[in-house]
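Topology and contacts: notes
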Amino acid sequence: MEQRVAITGIGAVSPLGNTALATWAAMCAGTCGIGPITHFDTDAFAVKVAAEVKGFDGNEYFGKRDAKHLDPCVQFAMAASDEAMHDAGFDVEGAIDRERLGVYVGSGVGGMTTLVDNVHTIAERGPRRASPYMIAMMIPNMASGNIAIRHKAKGPTLPVVTACATSAHAVGEAFRAIKHGYADAILAGGAEAAIIPDAVAGFTSCRALTTNPDPATACRPFDANRDGFVMGEGACVLVLESMEHAQARGAHIYAEVVGYGNTD
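Criteria and thresholds
- Residues numbered from 1 in each chain as written.
- Predicted model: local features only at pLDDT ≥ 70, side-chain atom pairs only at ≥ 80, totals over all residues.
- Heavy atoms only, no water.
- Helix = DSSP H or I, 4+ residues; strand = E, 2+ residues; numbered from the N terminus.
- Expected span 1.5 Å × (residues − 1).
- Buried < 20%, exposed > 50% of the residue type's maximum accessible area, 1.4 Å probe, protein only.
- Contact = heavy atoms within 4.5 Å.
- Pairing = 2+ DSSP bridges.
- Axes fitted to C-alpha atoms, helices over the stretch in contact; angles between N-to-C directions.
- Salt bridge = Lys/Arg side-chain N within 4 Å of Asp/Glu carboxyl O.

1. Observations concerning helix α8 (residues 166–179)
Its 14 residues place the ends of α8 20 Å apart at the C-alpha level, agreeing with the 20 Å of an ideal helix rising 1.5 Å per residue. Turning to α8, its buried residues are Thr166, His169, Ala170, Val171, Gly172, Ala174, Phe175, Ala177 and Ile178. Buried residues along α8 sit in contact with β1 (5–13), β4 (101–106), β6 (185–192), β7 (234–242) and β8 (255–257).

2. Digging into the pairing of β6
Of all eight residues that make up β6, eight are buried, and the element is covered over most of its length. Every second residue of β6 is oriented toward a common face, with Ala185, Leu187, Gly189 and Ala191 on one face and Ile186, Ala188, Gly190 and Glu192 on the other, all of them buried. Summarising the sheet, β4 and β6 pair through six bridges and their orientation is parallel. Bridge pairing links Val103 to Leu187 in β6. Direction of pairing for β6 relative to β7: antiparallel, over a ladder of eight bridges. Across the sheet, the residue bridging to Leu187 is Val239, located in β7.

3. Observations regarding helix α5 (residues 112–125)
With 14 residues, α5 ought to run about 20 Å at 1.5 Å a step, and its terminal C-alpha atoms sit 20 Å apart, in line with that. Of the residues trailing α5, Gly126 is marked for its positive phi of about 100°.

4. Notes on the sheet that holds β4
One open sheet accounts for six strands, arranged β5-β4-β6-β7-β1-β8; its pairing is mixed. The two strands at the open ends of the sheet, each matched to only one other strand, are β5 (157–158) and β8. Here β4 runs beside β5; their pairing, made up of two bridges, is parallel. Bridged to Val103 within β5 is Thr157. Packed onto the sheet, helix α4 (residues 72–88) meets β1, β4, β6 and β7 and runs at close to 135° relative to β1.

5. As for the pattern of salt bridges
By the definition in use, this model includes seven salt bridges. Note that Asp66 and Arg65 form a salt bridge whose closest N and O atoms lie 3.4 Å from each other. Given the relative accessible area of 38%, Asp66 is considered partly exposed. Arg176 is the salt-bridge partner of Glu173, the closest N and O atoms lying 3.7 Å from each other. One end of the pair, Glu173, and the other, Arg176, are both in helix α8, three residues apart, so they sit about a helical turn from each other. Overall, Glu173 belongs to the partly exposed group, its relative accessible area being 27%. Overall, Arg176 belongs to the partly exposed group, its relative accessible area being 34%.

Listed below in structure tokens is the structure:
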């Protein structure tokens, strides 16, 4: 029998706030998450603005030792998953069978920050200076894998990597997995952290990014004068859960996912 699918948890690290609640409050207040790029000097760049995560300190969140081994993209994803698990009530012992909890969290470009940092290190200081954790941090499934380990999720776990559609596809595929009985719940969403000189330069060269320096008007996806998108970073993770399972435990239900399509 096919299962109905509910959303019972939400977590986020975004340019508007480092939790879903803070993000929602900023949205309701009409706050703009776009601003001048601070991650690097943009004097030589045509692109001046981006939607940066603000005030997130991985060293404080994970501890300096563990944060050192996690790409920023993975850090955002793990923090968002922590909030989503707590919001859904799954951080309580026995709330869900961990054999029936999965993780579908992807990234458009994965650990680009780690890759680029190590490429520059190797070029400047030689191959022996490459981090032994480089490969482990830049593989696209590192967000899903680390989240699964952190929350002891032993159900279906995989990344989705489909550029800007990654998060939507992750949620859709998680919906299908629960609908057809492969899991009782899945942490689903996406993460990105690519506001670095190399990525911004590359996207600028292919004329994908806006060169509008005004944060208030730079992002205009449906405007006739749109000249590109604004680079952003952060993560959002939802807990998708079978309706039957959610109702049986008295979970708060935000919404029901009723369909998903994937075409060219």
